Amino acid sequence: MTLVDEFAQASSFDPEETSEWIESFDALVQARGTQTAEGIMSSLMSRAGQASVNLPLVHTTDYVNTIPVDQEPEFPGDEQVERRYRAYMRWNAAVMVHRGQRPGVGVGGHISTYAGAATLYEVGFNHFFRGKNHPGGGDQVFFQGHASPGMYARAFMEGRLSEEDMDGFRQEKSRQGHALPSYPHPRSLPDFWEFPTVSMGIGPANAIYQAQSNRYLQNRGIKDTSDQHVWAFLGDGEMDEPEARGFLQLAANEKLDNLTFVVNCNLQRLDGPVRGNGKIMQELEAFFRGAGWNVIKVVWGREWDDLLAKDKESSLVKIMNETPDGDYQTYKAENGAFVREHFFGKSPETKEMVADLTDQEIWNLKRGGHDYHKVYAAYKAATEFKGKPTVILTKTVKGYGLGPHFEARNATHQMKKMTLEDLKGFRDYLRIPITDEQLEADPYLPPYYRPADDSAEFKYMMERRAALGGSVPSRRAKSKEIHLPEDKAYETASRGSGKQQAATTMAFVRLLKDLMRDKDFGKRVVPIVPDESRTFGMDAFFPTAKIYNPAGQNYLSVDRDLVLAYKESPAGQLIHPGINEAGAVAAFTAAGTAYSTHDEPLIPIYVFYSMFGFQRTGDSFWAAADQMTRGFIMGATAGRTTLTGEGLQHADGHSPILAATNSAVLTYDPAYGYEIGHIMRSGLERMYGGKHEDPNVMYYITLYNEPYQQPKEPEDLDVEGIVKGIYRVSENHMEGPRAQLMASGVAVPWALEAQRLLAEEWGVSADVWSVTSWNELRRDGLAAERENFMNPGSEPRVPFVAQQLEGAQGPVIAATDYMSLVPDQIRQFVPNEFATLGADGFGFSDTRAAARRFFKIDAQSMVVRTLQMLAKRGEVDASAPGAAFAKYQLNDVNAGTSGGAGGDA
């Protein structure tokens, strides 16, 4: 049923009068055009609302193009020239993947995505995508991951890549120096790709927050980004990902009209139809409209214009509306005669409409995504629309032009190579000047084609890119130098808490406040907190740094009279994404790559419940690593037993292990404020100091909400040990059996208590080591092993942890508020006997002391484990462990004493 039918049905009180109104409207459109009709209809709908007339909700429009023919702008380019070199690119993209399947290689690849989306990209490349040399600063383009062969093909045409480079597709080590990664991977090709997108759903999320970050830079006066646009090319199947749709309201709420989504609706997922029984374009139209976006549909090519103009009774539109996507896919896998019978043959009116067309002419009725004019009109309208983000839903055919073995087939996504017959057919379709003899010489290695530099095609293409500011994609690998904080910024962290108790969360917040106060550096700090600022003591930032909101604060705040009132501002520094960790990571990624995308280094500091970090958003952090994000990830309320009362799902005993799987993440578990200060100072110098060989890292630092006395920084502090992962925090010089107690984070005070008990009650002399990073110690140990393996004739390198323990006698007992696997990472690199006490299993709600006694990780458990190891060595009486076990009532959870109350949860 068309919208006209619905209107007529709703107005059935007087069919004759309804017909007259419709005739009047048709006359208006014919006489004054669609734009005037739109204005009048908008005014009528507004008037109807004022009169309390109940209007039907219109979630979707008819299955036709949003932009009427009479509103299409004139295409400004030379379509024939653009069509010719677009054909060359489509050929080279397919040939690159095909050549990658040659015997002895067989690395895979995707042919069909770019084949169907070539027009979408080329209209952008030729007329819209602005490079970094553009006066406005250039656009950010998130390319659809599976379409990467097309971007390589264009770079080859522009002379940025050689044939040898193209043949290095997916052979990053075996053809090093001439290698191309499979997808957009900035870390693998750092001067080319800018945004990783192939982990589906991450691209849409990051594109939205990139657009927000652009506005953030503008509103805070750091950079003028008013002439920069964010483009995200997505698949209709990808839009099933929760992340792909989950942030749409942010873009609408913040009126991000600097953002355009282009959804390539080829109606196919990786295995089959996206909505075989439905219509994905209509579904997405309703979804985006409901989220507050401007929606433009590009359904049909110009060949359909005359047919639709003849469709006075809407018979054709009715069939278009009712035909499911599964059928549309089937039509493009058949032929013109099949389409005539099964599509146009559904009604006498539509059958007659195409009676004068040949089967070939019917077959040549293109989808809108393959029509330069229709796509250009949509892009132009999107970039000119103000007040809302825009989504362009454009209908294409997956595998377009690749021949009947590929086009619209369910298996087309997995098809990597072409037969000789396919190659010849594809060549003929694209009119590539390559002979049969060239193809037959070696069907595994069909030649690439690139026109001469003095050809009309090459000159035109390069002129267009020059006018738009240079090649895209392109990444800036280096950025401007920035002033780093002076010593004064770290004084508070070094001072300790005196006689008061303070959690490491509070020590960090005080340090952060001092960093943000630094005159030259402070403005570059971007605190990001997902709706837990008060839990972390960060509400102190509200009245001073303020919360970023491009609309400001247009309401009377309920706490306006309080010192720590909630204040929002367009110039606010604190990003508050709400209860939204995934969005926070996307904001973190955008800020942490501003050094590259904008040549304006920002230092994102993302603070969150540690339990809801890597286990919830690990894939996003992986993409952040690929994009070479720099910044600090602060896992607050860390530990399995520290967050009392919250229970199983809040008890983090494993985030350092998950963080260890990300090679770009340096994980630290500090016990004291001065440790945090030195770790963050070292991190800033590495990431933004300009001297480190690998600055593209992120620091994961755990913070605890348990208050205890924060000591003043010792005068002879081993700063290198803090940064590298371990230093001796307390040495015992008494005579007696020796032991080494290792702990990290909140467990260091238990180790110090165990040291006292061992000395006073059992005559054992133990040193206490603060392990600031088990993960970094392991990485150093593995690096030493590999270095020794690769250099068998050289003096073996000793792992740092073994260097630190040189001369340290006795067994090592490692305690942690994490699972045993965390300290066990370094077991093979420790020269002493080694035992671990960890919080294995699920967490639960209870007091800290009871939970630690249950897991046997508290001070008394360290004492008993130490005595057991010493008794085994014959260094203490064999009865000592049992006596200690009974003395401390180790099986009684109510007898635990390690850890007090206090600290926000």
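Residues numbered from 1 in each chain as written. Predicted model: local features only at pLDDT ≥ 70, side-chain atom pairs only at ≥ 80, totals over all residues. Heavy atoms only, no water.

> How do you make sense of the layout of surface pockets when you look at a structure like this?
Rolled over the atoms, a probe as big as a water molecule pinpoints where empty space is left. The volume enclosed by the second largest pocket comes to roughly 960 Å³. Along the walls of the second largest pocket sit 38 residues, with Arg83, Arg90, Tyr400, Gly401 and Tyr429 positioned nearest its centre. At the level of secondary structure, the elements contributing two or more residues to the lining of the second largest pocket comprise helix 4 (79–99), helix 17 (359–363) and helix 19 (420–430). In the lining of the second largest pocket, the residues fall into 13 nonpolar, eight polar and 17 charged. (1 Å grid on protein atoms, 1.4 Å probe; cavity = no way out; pocket = protein on both sides within 12 Å on 5 of 7 lines; lining within 4 Å. Points joined across faces, edges and corners; volume = space filled by probe spheres on them. Helix = DSSP H or I, 4+ residues; strand = E, 2+ residues; numbered from the N terminus. Nonpolar A, V, L, I, M, F, W, Y, C, P; charged D, E, K, R; others polar.)

> Honestly, the pattern of salt bridges in this entry has me stumped. Any pointers?
Once their charged atoms are close, side chains differing in charge can pair, the charge on each being opposite to the other. The full count for this structure, using the stated rule, is 52 salt bridges. Residue Glu79 is joined to Arg302 by a salt bridge in which the shortest nitrogen-to-oxygen separation is 2.9 Å. One end of the pair, Glu79, is in helix 4; the other, Arg302, is in the loop between strand 4 (294–298) and helix 12 (305–310), with 223 residues separating them in the sequence. Residue class for Arg302 comes out partly exposed when judged on its relative accessible area of 27%. A salt bridge links Arg738 to Asp767, with the shortest nitrogen-to-oxygen separation between them at 3.0 Å. Here Arg738, found in strand 16 (residues 738–743), pairs with Asp767, found in strand 17 (residues 765–771); they are 29 residues apart in sequence, far enough to count as distant. By relative accessible area, Arg738 is classed as buried at 18%. On the accessibility criterion, Asp767 (1% relative accessible area) is buried. Through salt bridges that share partners, Asp240, Arg245, Arg269, Arg275 and Glu283 make up one connected network. (Salt bridge = Lys/Arg side-chain N within 4 Å of Asp/Glu carboxyl O. Buried < 20%, exposed > 50% of the residue type's maximum accessible area, 1.4 Å probe, protein only.)

> Would you explain unusual backbone geometry in this entry?
Only a minority of non-glycine residues have a phi that is not negative, and only a minority of peptide bonds are not trans. In this model, Val472 is joined to Pro473 through a cis peptide bond whose omega is 0°. As for its position among the elements, Pro473 is in the loop between helix 21 (456–467) and helix 22 (491–495). In the Ramachandran plot, Arg431 falls in the positive-phi region, its phi being about 60° despite a non-glycine side chain. Following the sequence through the fold, Arg431 ends up in the loop between helix 19 and helix 20 (436–441). Unlike most non-glycine residues, Asp599 shows phi in positive territory, near 60°. Judged by relative accessible area, which is 24%, Asp599 ranks as partly exposed.

> Even after reading the chapter, I still don't get the packing of aromatic side chains, so can you show me in this structure?
Aromatic ring pairs are described here by two measures, namely the spacing of the ring centres and the angle between the planes. Counted according to the given criterion, the structure contains 58 aromatic pairs. Judged by centre distance (5.5 Å) and plane angle (25°), the rings of Tyr63 and Tyr328 are stacked. Of this pair, Tyr63 sits in the loop between helix 3 (34–50) and helix 4 while Tyr328 sits in helix 14 (residues 325–332); the two residues are 265 residues apart in sequence, bridging distant segments of the chain. Pair check on accessibility: Tyr63 and Tyr328 agree, each one buried. When the ring of Trp304 is compared with that of Phe343, the centres are 6.2 Å apart and the planes differ by 90°; the resulting orientation is edge-to-face. Of this pair, Trp304 sits in the loop between strand 4 and helix 12 while Phe343 sits in the loop between helix 15 (336–342) and helix 16 (348–353), and the two are 39 residues apart along the sequence. There is no split in this pair, since Trp304 and Phe343 are both buried. (Phe/Tyr/Trp six-rings, centres within 6.5 Å; stacked < 30°, edge-to-face > 60°.)

> Sorry if this is basic, but what is going on with the packing of helix 5 (residues 112–127) against helix 18 (residues 372–384) here?
Helix-helix packing is described using two parameters, namely the angle between the two axes and the distance between the axes. The contact between helix 5 and helix 18 brings their axes to 10 Å, and the two run at 60°. It follows that helix 5 is oblique to helix 18 by the angle criterion. Considering how the two elements wind past one another, helix 5 and helix 18 form a crossing that is right-handed. The segment helix 5 lies against helix 18, with Thr119, Leu120, Glu122, Val123, Gly124, Asn126 and His127 engaging Tyr372, Val375, Tyr376 and Tyr379. Taken together, the residues that form the contact of helix 5 with helix 18 break down as six nonpolar, four polar and one charged. (Axes fitted to C-alpha atoms, helices over the stretch in contact; angles between N-to-C directions. Parallel < 35°, antiparallel > 145°, perpendicular 65-115°, else oblique. Left-handed = near helix turned anticlockwise from the far one by under 90°. Contact = heavy atoms within 4.5 Å.)

> How should I be thinking about the environment of Gln740 in this particular structure?
By secondary structure assignment, the location of Gln740 is in strand 16. Residues Gln740 and Thr866, 126 residues apart in the sequence, show an inter-C-alpha distance of 8.8 Å. For Gln740, the contacting residues outside a window of four places in its chain are Asp767, Trp769, Ala808, Gln809, Gly810, Pro811, Val812, Ile813 and Asn832.

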